[in-house]
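Structural overview
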Amino acid sequence: MNGTFRVGNLFGIPFFVNASWFLVLGLVTWQYGGQLAFLFPALGPVAPWMLGLFTALLLFASVLAHELGHSWVAIKQGIGVKSISLFLFGGLANLERESKTPAEAFWVAIAGPLVSLFLSGSLTAIGIGAGLTGPAAAIVGLLASINLVLALFNLIPGLPLDGGNILKAIVWKITGNPYKGIIFASRVGQIVGWIAIATGIFGNIWNLVIGWFLLQNAGQSAQYGTVQNELAGLTAADAVTAESPIVPENLSLREFANNYVIGNAQNWRRYLVTDDAGQLVGAIEIDELKTIPTGSWPQVLVKELLKPIEFSTTVKPELSLLEVVTLLEQLKVQELPVIRENGVLVGLVEKAEIARLLQRRAQANPV
């Protein structure tokens, strides 16, 4: 995220704040410091603003506790937490992966609001039980109210809010498909966003800002869910590049040049080479042809220019395309060979071809 600064670690989790956080910190300090100065003139000219800053920091500490709630449950499920960030609209716990079951996803989602409800109840009890008065009572009361609002707002059933993730888990449980849950909860989030914007038109600028935020993020979530759902329904075999660059090792260089290189629209610079059983044995570079006189091409076989090739991993034709994409991202490669159980090379699956496949399907089935 641009303008984000790392400020340390919390329980081993990298902690970041966005530049927008400082803007909100200043606004809350100014607004609440002014209220304290008006309500308690005996505080003098400086103390209200110091208390306003202290209150603003405690408000962000509440948001941080909310995100730590998500993180703690995720860690208990064996999910790593990449970072926690505070920004204009609150906080975000960045998890390494999704939960494996709807129930686990539900508990990760609801943990944050439960922490906020606990803080609200605890602060209310402290305020009443300790008989606080004056600025202390006002600050504790504000913190209790803000935590209650934080919990209730996040329980709105639309992504990217926690309530949206709860709704996603419920739909996942009913349909057995996590991506349908994402799509449904994202659509609800977009509806909530439009409602917020509609009410904000009448003068509530924060509703406009929140509505825009929900629309942007819910739209991205819906797009992500749609793509993931498409990928989950396809296999590696569906995305194998047509006319993958594969040649048999016993082909002569003349046959190789005439049948594969000349007029090759895809302009392959390297071809995979297979043996008589169709198994991968190496690769041949187009530039290697230059090392052999053209008059000798009919007598020289492809296998004589063979170079060893190693892929960090291979995939089977029936593997989910979603898992293939995950592998491509993890390994930071553009292509992977698709090999059957018996070792026969089927072809290459490439990032570019996957994108083209999804584009063709989208055009054939417009929303």
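In this text the structure is predicted, and so the values were computed from the model without any measurement.

1. Remarks on the environment of Asn147
- Examined against the element boundaries, Asn147 turns out to sit in helix 4 (residues 134-154).
- For the pair Asn147 and Phe184, spaced 37 residues apart in sequence, the C-alpha separation works out to 28 Å.
- If we skip the residues at most four places from it in the chain, Asn147 touches Ser62, Ser116, Leu119, Ser120 and Leu123.
- Separated by 2.9 Å, the side chain of Asn147 and the backbone oxygen of Leu143 make a polar contact.

2. Focus on the pattern of salt bridges
- A full pass over the atoms with the stated rule returns nine salt bridges.
- Among the salt bridges present, the one from Asp287 reaches Lys290, with a minimum N-O distance of 3.8 Å.
- A relative accessible area of 70% means that Lys290 is categorised as exposed.
- In this structure, Lys316 engages Glu341 in a salt bridge whose closest nitrogen and oxygen atoms are separated by 3.0 Å.

3. Here we look at the pairing of strand 3 (residues 81-87)
- Taken across its seven residues, strand 3 has six buried, putting it largely inside the fold.
- For strand 2 (residues 13-18) and strand 3, the ladder comprises three bridges, and the chain directions are parallel. Across the sheet, Phe15 pairs through a bridge with Ile84, a residue of strand 3.
- Bridge count for strand 3 against strand 4 (residues 90-95) is six bridges, and the pairing is antiparallel. When the bridges of strand 4 are listed, Phe87 appears paired with Gly90.

Analysis parameters
- Residues numbered from 1 in each chain as written.
- Predicted model: local features only at pLDDT ≥ 70, side-chain atom pairs only at ≥ 80, totals over all residues.
- Heavy atoms only, no water.
- Helix = DSSP H or I, 4+ residues; strand = E, 2+ residues; numbered from the N terminus.
- Contact = heavy atoms within 4.5 Å.
- Polar contact = N/O pair within 3.5 Å; in protein donor to acceptor, adjacent residues only side chain to side chain.
- Salt bridge = Lys/Arg side-chain N within 4 Å of Asp/Glu carboxyl O.
- Buried < 20%, exposed > 50% of the residue type's maximum accessible area, 1.4 Å probe, protein only.
- Pairing = 2+ DSSP bridges.

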